[in-house]
Amino acid sequence: MNEEKKRARKELIKNNRYYGWLKQLTNYLDRYYLDAALGFAIPGGIGDAITAIISIAYVLFSAIGIRSFPLTLAILNNTLRDLLLGLIPFYVGDVIDVFHKSNVKNMQLIEGFVEEDPVIVNTVKKKATYSVILFICLCIMIYIMFRLAIAAAKYMISLF
C-alpha cells in the first residue's frame, strides 16, 4: 500500500499544472538564454535580481508542492549561486550565466527527486547538509556584490 501511495503522489506532482509551467520556465530562462539576456539588458545586477525572483518558483514548488526541506535547500542553493555569479561586474557574470544554467539544474533536481533517482536524492541530501552555511555565505557575498555593482555604476556615471 505504501508503494501505491508513493506512485499516486508522484503522478499527482507530475500532472500538476505548476510542474508543467516550471518545465516551460526552464526552457525560457536557460535553454533560450532569457536569464543571461536579462542580465545583459538590465545592468547593475537588476536583471539578475529579476531572474532570481522568477527562480523562486522552483523554491516554492519544492517547499509547497513536494514538501521537501532538503530539496528546497538544494534549489535555493543553486538559485543564490546563480544570482551571485550573475552579479560579477562588467558582464562577466552574464557570460558565466549562459553556461551555468541553474534553472535546468533545479528542474533536474525536482524531476530526480520526484522519480526517487538515488543519485539525485543523494545529491540533494549532500547539498542540504552544507546549504545552511553556504546560504549565509552566499547572502553575504550577494550583498557585497550588490554594493560593488552600485559603486561601479556610480563611478561609471561620474565619468560622464
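Overview of the structure.

Thresholds, definitions, all that
- Residues numbered from 1 in each chain as written.
- Predicted model: local features only at pLDDT ≥ 70, side-chain atom pairs only at ≥ 80, totals over all residues.
- Heavy atoms only, no water.
- Disulfide = S-S within 2.5 Å.
- Buried < 20%, exposed > 50% of the residue type's maximum accessible area, 1.4 Å probe, protein only.
- Salt bridge = Lys/Arg side-chain N within 4 Å of Asp/Glu carboxyl O.
- Helix = DSSP H or I, 4+ residues; strand = E, 2+ residues; numbered from the N terminus.
- Polar contact = N/O pair within 3.5 Å; in protein donor to acceptor, adjacent residues only side chain to side chain.
- Contact = heavy atoms within 4.5 Å.
- Axes fitted to C-alpha atoms, helices over the stretch in contact; angles between N-to-C directions.
- Parallel < 35°, antiparallel > 145°, perpendicular 65-115°, else oblique.
- Nonpolar A, V, L, I, M, F, W, Y, C, P; charged D, E, K, R; others polar.

1. Overview of the state of the cysteines
Put plainly, a disulfide is one covalent bond tying together the sulfur atoms of two cysteines.
Part 1: Inspection of every chain in the model, using the stated rule, returns zero disulfides.
Part 2: Cysteine Cys137 shares no disulfide, and the gap to the nearest cysteine sulfur, in Cys139, comes to 9.4 Å.
Part 3: With a relative accessible area of 36%, Cys137 lands in the partly exposed category.

2. Thoughts on the pattern of salt bridges
One side chain can pair with another of opposite charge once the charged atoms of both are near each other.
Part 1: This structure, assessed with the given rule, holds two salt bridges.
Part 2: Here Glu111 makes a salt bridge to Lys23, at a shortest N to O gap of 3.4 Å. Remark: Lys23 occurs in helix H2 (residues 17-31) and Glu111 occurs in helix H7 (residues 102-114); sequence separation between them is 88 residues.
Part 3: By relative accessible area, Glu111 is classed as partly exposed at 25%.
Part 4: A residue is classified by how much of its surface remains accessible, and Lys23, at 37% relative accessible area, is partly exposed.

3. Side note on the side chain of Ser102
Part 1: By the element assignment, Ser102 lies in helix H7.
Part 2: Reaching out from Ser102, the side chain makes a polar contact with the side chain of Asp82 at a distance of 3.5 Å.
Part 3: Residue contacts for Ser102: discarding those within four places in its chain leaves Asp30, Asn78 and Asp82.

4. Overview of the packing of helix H3 (residues 34-41) against helix H6 (residues 92-100)
Part 1: The contact between H3 and H6 brings their axes to 8 Å, and the two run at 175°. Relative to H6, the element H3 is oriented roughly antiparallel. In contact with Asp35, Ala36, Gly39 and Phe40 of H3, H6 contributes Asp94, Val95, Asp97 and Val98.
Part 2: The residue makeup of the contact of H3 with H6, split by class, is four nonpolar, one polar and three charged.

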